[in-house]
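Architecture and fold: a report
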Amino acid sequence: MATDDFFRARLDSMIDMRHPLAVLATRMPWTEIEAALAPAFLHKDRAGRVVDGDDLFGPTAQVVGVGVSARGRQRLPIRLMVALLYLKHAFNLSDEELVQRWSENVVWQFFSGMTHYEPRLPCDATQIGRFRRALGEAGVEELLKSTLDAAVAMKAVRPTEFERVIVDTTVQEKAIAHPVDSRLLEIARHKVARAAQRCGIALKQTFIKEGKLLRRKAGGYAHAKQFKRLKRVLKRQRTILGSLMRDVQRRLERISQGDTAGLMAEREPTPLALTELRLWLERAERIRTQQRHDKNKLYALHAPEVECIGKGKARKPYEFGVKVSLAITHANGLMVGARSFPGNPYDGHTLAEQMEQTCTLLEDVGVKPRVAIVDLGFRGLEIDAQLAPVQIIHRGKFKSLSTQQRRWLKRRQAIEPAIGHTKLDHRMDRCWLHGASGDALHAVLCAAGYNIRWLLRAIALKGLKALLSALSKWALYAVRIGQRALIAIHAAQSMAARPAAASPLRASAAFGGRG
């Protein structure tokens with residue numbers, strides 16, 4: 001043991017090792033997780049480049065930069081970063097809150113693989129996002145798979161329970177404001193003007209003052225339900241946006257021809273700035289030309305992947321995000337699948353890919369789902385060749401179901417509270433990650449956080465059952481001891497109440513015999 005560790009307090013002597021999170025820390029397959037994720041963080045083998053040179057014998061060509069580079073800061077332990085992702089989604093925390101609470105919570109540090117108390121932050125909050133992007137969708141699925149393996153290893157769930165699953169879809173909303181036309185038009189004008197200024201383009205007019213005034217008027221007219229006036233304001237916003245875009249496009253054509261007369265201080269724009277400007281021009285054109293009933297509309301300039309999805313809810317007719325499919329076990333509600341589906345497909349068309357992901361996660365368990373219980377949104381899948389091994393059960397064919405299948409169908413609603421907890425307690429209600437890849441990562445991590453909380457409840461329940469079993473055995477032992485004591489007391493009382501036997505001399509005299 002190092003000298004500096006000799007005077008430090010060990011975590012296993014500071015915490016209650018019967019705490020559910022401490023127990024789970026000893027049951028998770030950390031070695032398998034690190035082995036599966038380590039290839040994503042290895043230094044890449046570079047091919048190098050050829051550099052021409054001269055020496056005493058003439059021109060030469062040398063290959064430089066080849067091999068594996070050891071540059072860069074040493075990475076943090078994989079177990080620490082994986083534990084941080086688990087804790088983030090299990091307890092519904094932001095990255096900043098997570099690292100702050102980790103430095104104060106000794107049980108969380110023990111779960112993360114620390115042996116001694118660390119009063120410092122585990123890492124910078126931004127490193128969690130970089131680690132998540134490096135994992136990719138396959139890496140976060142490995143985290144979800146590890147929770148299933150841990151549940152089977154601690155016998156919290158039987159392997160046969162994975163043969164029946166309940167599948168349903170929900171909407172994972174994106175972190176965007178409500179898509180109002182006046183707001184989108186004003187943001188598009190602002191983005192195009194700022195991108196043009198970064199390229200050094202001197203615009204005739206940016207319409208800053210008029211844009212703010214029109215945005216305020218639109219809000220007032222919409223609140224007062226004065227829709228004719230609102231329509232005139234929107235028309236003017238589209239007009240000034242189109243004028244600004246045409247001015248920028250003319251300057252871009254001059255730049256492409258080599259004319260730099262219209263640039264600020266004769267400054268050459270960088271290729272990155274020009275690419276960004278063309279991107280904002282493309283999205284602004286979509287905002288300017290789209291109408292109310294068009295398809296494939298743009299609802300947020302920074303998140304073009306957002307879709308308008310209607311799920312038939314009276315309280316929320318439309319949700320803006322991406323469709324996500326979730327699968328849980330029929331008996332205990334353990335999450336065995338979570339997958340995002342861009343493009344708002346029909347619910348039934350998502351089932352084959354969801355079953356494929358579930359089978360991948362259950363490879364080490366050795367069980368594949370055989371029965372999928374769904375709602376009426378999945379009708380028409382009975383003849384799907386991709387789902388041939390899986391039996392589909394829904395109430396649309398209730399008369400043809402057996403008695404056992406009807407009993408299974410009664411638990412289809414068990415996935416609804418699981419979806420609610422995943423949204424409210426594990427951060428699925430609002431996705432802050434960038435792009436369609438962020439939607440996919442976020443859905444799987446929310447399911448992993450749900451399973452961590454499920455495992456903590458299972459461990460607490462097992463501890464309670466063990467305590468009740470010990471108490472019942474002790475009570476039975478006490479009852480037996482009490483019964484034996486009562487038998488002994490009763491025997492003593494009967495012996496004391498019995499009359500003393502007469503002596504032999506008196507008995508013979510009483511019957512006339514000699515003494």
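Small disclaimer: the values here were computed from a predicted structure and weren't measured. (Residues numbered from 1 in each chain as written. Predicted model: local features only at pLDDT ≥ 70, side-chain atom pairs only at ≥ 80, totals over all residues. Heavy atoms only, no water.)

Topic: the packing of helix α8 (residues 181-198) against helix α9 (residues 208-223)
What describes two packed helices is the angle between their axes and the distance between those same axes. Running from amino to carboxyl end, α8 crosses α9 at an angle of 170°, the nearest separation of the two axes being 10 Å. Here α8 lies roughly antiparallel to α9, going by the angle between them. Residues Ser182, Arg183, Glu186 and Arg189 of α8 form the contact with α9, whose participating residues are Ile208, Gly211, Lys212, Arg215 and Ala218. The residue makeup of the contact of α8 with α9, split by class, is 2 nonpolar, 2 polar and 5 charged. (Axes fitted to C-alpha atoms, helices over the stretch in contact; angles between N-to-C directions. Helix = DSSP H or I, 4+ residues; strand = E, 2+ residues; numbered from the N terminus. Parallel < 35°, antiparallel > 145°, perpendicular 65-115°, else oblique. Contact = heavy atoms within 4.5 Å. Nonpolar A, V, L, I, M, F, W, Y, C, P; charged D, E, K, R; others polar.)

Here's the deal with the packing of helix α3 (residues 30-37) against helix α7 (residues 125-153)
One can describe the packing of α3 onto α7 by two numbers: an axis separation of 10 Å at closest approach and a directional angle of 170°. In terms of orientation, α3 lies roughly antiparallel with respect to α7. Here α3 contributes Ile33, Ala36 and Leu37 to the contact with α7, which in turn contributes Leu135, Gly139, Glu142, Leu143 and Ser146. Of the residues belonging to the contact of α3 with α7, the class tally is 5 nonpolar, 2 polar and 1 charged.

Some thoughts on the layout of surface pockets
Reported here for the largest pocket is a volume of approximately 1,000 Å³. Around the largest pocket, the lining comprises 28 residues; the ones closest to its centre are Pro179, Val180, Asp181, Arg292 and Lys297. Contributions of two or more residues to the lining of the largest pocket are made by α8, α9 and α10 (227-256). A total of 7 residues in the lining of the largest pocket trace back to one element, the largest contributor, which is α10. (1 Å grid on protein atoms, 1.4 Å probe; cavity = no way out; pocket = protein on both sides within 12 Å on 5 of 7 lines; lining within 4 Å. Points joined across faces, edges and corners; volume = space filled by probe spheres on them.)

Description of the packing of aromatic side chains
For the structure shown, the criterion picks out 5 aromatic pairs. Note on Tyr299 and Phe320: the rings are 5.3 Å apart at their centroids and 55° apart in plane angle, and the pair reads as tilted. Of this pair, Tyr299 sits in the loop between α11 (271-289) and β6 (307-309) while Phe320 sits in strand β7 (residues 319-329), placing them 21 residues apart in sequence. For the pair Tyr299 and Phe320, one class covers both residues: buried. Ring pairing ties together the aromatic residues Trp30, Tyr86 and Phe111, which thus form one cluster. One Lys or Arg, Arg283, reaches over the ring of Trp280 and ends 5.6 Å from the middle of that ring. It is Arg406 that lies over the ring of Phe398; its NZ or CZ is 4.4 Å from the centre. (Phe/Tyr/Trp six-rings, centres within 6.5 Å; stacked < 30°, edge-to-face > 60°. Buried < 20%, exposed > 50% of the residue type's maximum accessible area, 1.4 Å probe, protein only. Lys NZ or Arg CZ within 6 Å of the ring centre and 35° of its normal.)

Quick notes on the pattern of salt bridges
Evaluated as defined, the whole model comprises 21 salt bridges. Ionic pairing is found between Glu186 and Arg189, a salt bridge with its closest N-O pair at 2.8 Å. Of the two residues, Glu186 and Arg189 both sit in helix α8, 3 residues apart, roughly one turn of that helix. With relative accessibility at 13%, the residue Glu186 sits in the buried group. (Salt bridge = Lys/Arg side-chain N within 4 Å of Asp/Glu carboxyl O.)

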